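A look at the structure
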Amino acid sequence: MPYIKDNLPYNVPYQIYIDPSNLCNFKCNFCPTGNTKLMKNIQRPAGMMKMTTFKKFIDDLNLMVKKYKKKPSMIALFKDGEPLLNPNLPDMIRLINECNLSEKLHITSNGSLMNNFLSNKLIESGLNEIRFSIYGVDDGSYKTNVNKNIEYEKVKKNISEFWSVNKSYGYPVKVICKLMDIYSNKQIERFKNQFSDICNTLIIEKFHKWSDSENWDIKGKQKKIDDMEKDFICAQPFSRLTVLFNGDVTPCCVDWSHKLVVGNINSESLDHIWNSLCNKIRHQHIKKSFHEDSPCIKCDYKSKRTKYDKIYNQNNYLNKIYSC
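Here goes a summary of the coordinates provided. Remember, it's a predicted structure, so these values are computed and weren't measured experimentally.

**Structural notes on the overall build of the protein chain**
- Within the protein chain one finds 11 helices and 11 strands.
- Taking 2.2 N^0.38 as the reference for a compact globule, 324 residues should give roughly 20 Å; the C-alpha atoms of the protein chain span a radius of gyration of 19 Å, in line with that estimate.
- Taking the principal axes of its C-alpha atoms as reference, the protein chain extends roughly 55 × 45 × 35 Å.
- Across the 324 residues in the protein chain, those meeting the buried criterion constitute 54%.

What follows is the structure, given as structure tokens:
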């Protein structure tokens, strides 16, 4: 990964997230999407992306790639929900691949809906990478964490079947299996033993809360936001772009409340949204002046960023680039 600060400004987003579906078949304690009461209170819209909206995104990005002669390093087809719920997902991946809009096409899934037919369709579409998020180490922990009767062995079988189909094509898709670090060492070792032969990479990931989310822990209880280094600027609005299921655009992949939406691709060009309208959010970060209800104020995600994602406004160089 490059140092984001050394490549500003990005005329084309370094990475793009596009949400095929913000619906989910899980109701995870720690995820805003799984909190029905919260979603009702903030009146966040829900649904699946229409192909007309997706094709508008493709057309707009195609124009940007030709204009600036630069492609996103990755396009990830997931955000607020479970992407496999959208039956058009393989066609979406195929269109991106046919237009050669990125070298890396990624999805993240909970794996519960994967099957042989879908495995073949996704691999044939040109998918490069899939990350399976494992939310339990047995039936009981799945029930506790996602509030659904999910069979641990069924999820493992689905992933194993995807791995077998992937093998039959010559392993074109990198498979990642991720578990959060909330389990005992014994449980984590058991997970590693069971999944190491059906994926390329195993990840034990530190649990993070969502932007402003609110400070929930794995059990859905309030938890103090970690202290963080305060003098660096978050790279998200300067390098990442997220297109929500309805065409709304936000310059942050963890903006679950959609409070940072700056435009909609159904009515405006992606180029104009990224290179003009997103400056509103960038200026807030540069000046460290946020609206009182901004999710950026208490964002735990920022505290987990690596050195590549930290921007420092030395000699006010960002003010000059973004005219603020």
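**Some details on the sheet that holds strand β10 (residues 263-264)**
- The mixed open sheet is built from 9 strands, whose spatial order is β6-β5-β4-β3-β2-β1-β8-β9-β10. Edge positions in the sheet fall to β6 (201-205) and β10, since each has one partner strand and no second.
- Looking at chain direction, strand β5 (residues 174-180) and β6 are connected through 5 bridges and run parallel. Residue pairing for β6: M180 is matched across the bridge by E205.

**Comments concerning the nonpolar core**
- Ranked by size, the top nonpolar core spans 88 residues in total, and within it F54, F57 and L77 carry the most contacts.
- Ignoring sequence-local partners within four residues, the contact set of F54 consists of I18, M49, L77, M92, L95 and I96.

**Here we look at the side chain of S109**
- Its place among the elements puts S109 in strand β3 (residues 105-109).
- Of note is the side chain of S109, whose polar atom sits 3.0 Å from the backbone nitrogen of G111.
- Not counting residues up to four positions away in its chain, the partners in contact with S109 are E82, L84, R131, F132 and S133.

**Points about the pattern of salt bridges**
- One pass over the structure, following the stated rule, counts 13 salt bridges.
- E205 is the partner of K178 in a salt bridge, and the nearest nitrogen-oxygen pair spans 3.3 Å. With K178 in strand β5 and E205 in strand β6, this residue pair connects regions lying 27 residues apart in the sequence.
- Residue E205 is classed as partly exposed on the basis of its relative accessible area of 26%.
- Several salt bridges converge on common partners, so that one network encompasses R44, K79 and D80.

**Notes on the environment of P295**
- Position of P295 relative to the elements: it lies in the loop between α10 (279-287) and β11 (310-311).
- Separated by 58 residues in sequence, P295 and P237 have C-alpha atoms that sit 13 Å apart.

**Comments concerning helix α3 (residues 89-98)**
- The set of residues buried in α3 consists of L89, P90, M92, I93, L95 and I96.
- Taken together, the buried residues of α3 touch α2 (51-68), β2 (74-76), β3 and α4 (116-125).
- Just downstream of α3 lies N100, where phi reads positive at about 55 degrees.

**Digging into the state of the cysteines**
- Taken as a whole and judged by the stated rule, the model has 0 disulfides.
- With no disulfide of its own, C177 has C199 as its nearest cysteine by sulfur position, at a separation of 4.1 Å.
- Judged by its relative accessible area of 0%, C177 is buried.

**Remarks on unusual backbone geometry**
- The linkage connecting L8 with the following residue, P9, adopts the cis geometry, with an omega of 0 degrees.
- Positive phi values are uncommon outside glycine, yet Q43 reaches one of about 55 degrees.
- Within the secondary structure layout, Q43 lies in the loop between α1 (36-42) and α2.
- Residue Q43 is classed as exposed on the basis of its relative accessible area, which comes to 67%.
- With phi around 55 degrees, N316 is a residue other than glycine that occupies positive phi space.
- Here N316 shows up in the loop between β11 and α11 (317-321).

Rules used in this analysis
- Residues numbered from 1 in each chain as written.
- Predicted model: local features only at pLDDT ≥ 70, side-chain atom pairs only at ≥ 80, totals over all residues.
- Heavy atoms only, no water.
- Helix = DSSP H or I, 4+ residues; strand = E, 2+ residues; numbered from the N terminus.
- Rg over C-alpha atoms; globule rule 2.2 N^0.38 Å.
- Buried < 20%, exposed > 50% of the residue type's maximum accessible area, 1.4 Å probe, protein only.
- Pairing = 2+ DSSP bridges.
- Core = buried A, V, L, I, M, F, W, Y, C linked by side-chain atoms within 4.5 Å.
- Contact = heavy atoms within 4.5 Å.
- Polar contact = N/O pair within 3.5 Å; in protein donor to acceptor, adjacent residues only side chain to side chain.
- Salt bridge = Lys/Arg side-chain N within 4 Å of Asp/Glu carboxyl O.
- Disulfide = S-S within 2.5 Å.

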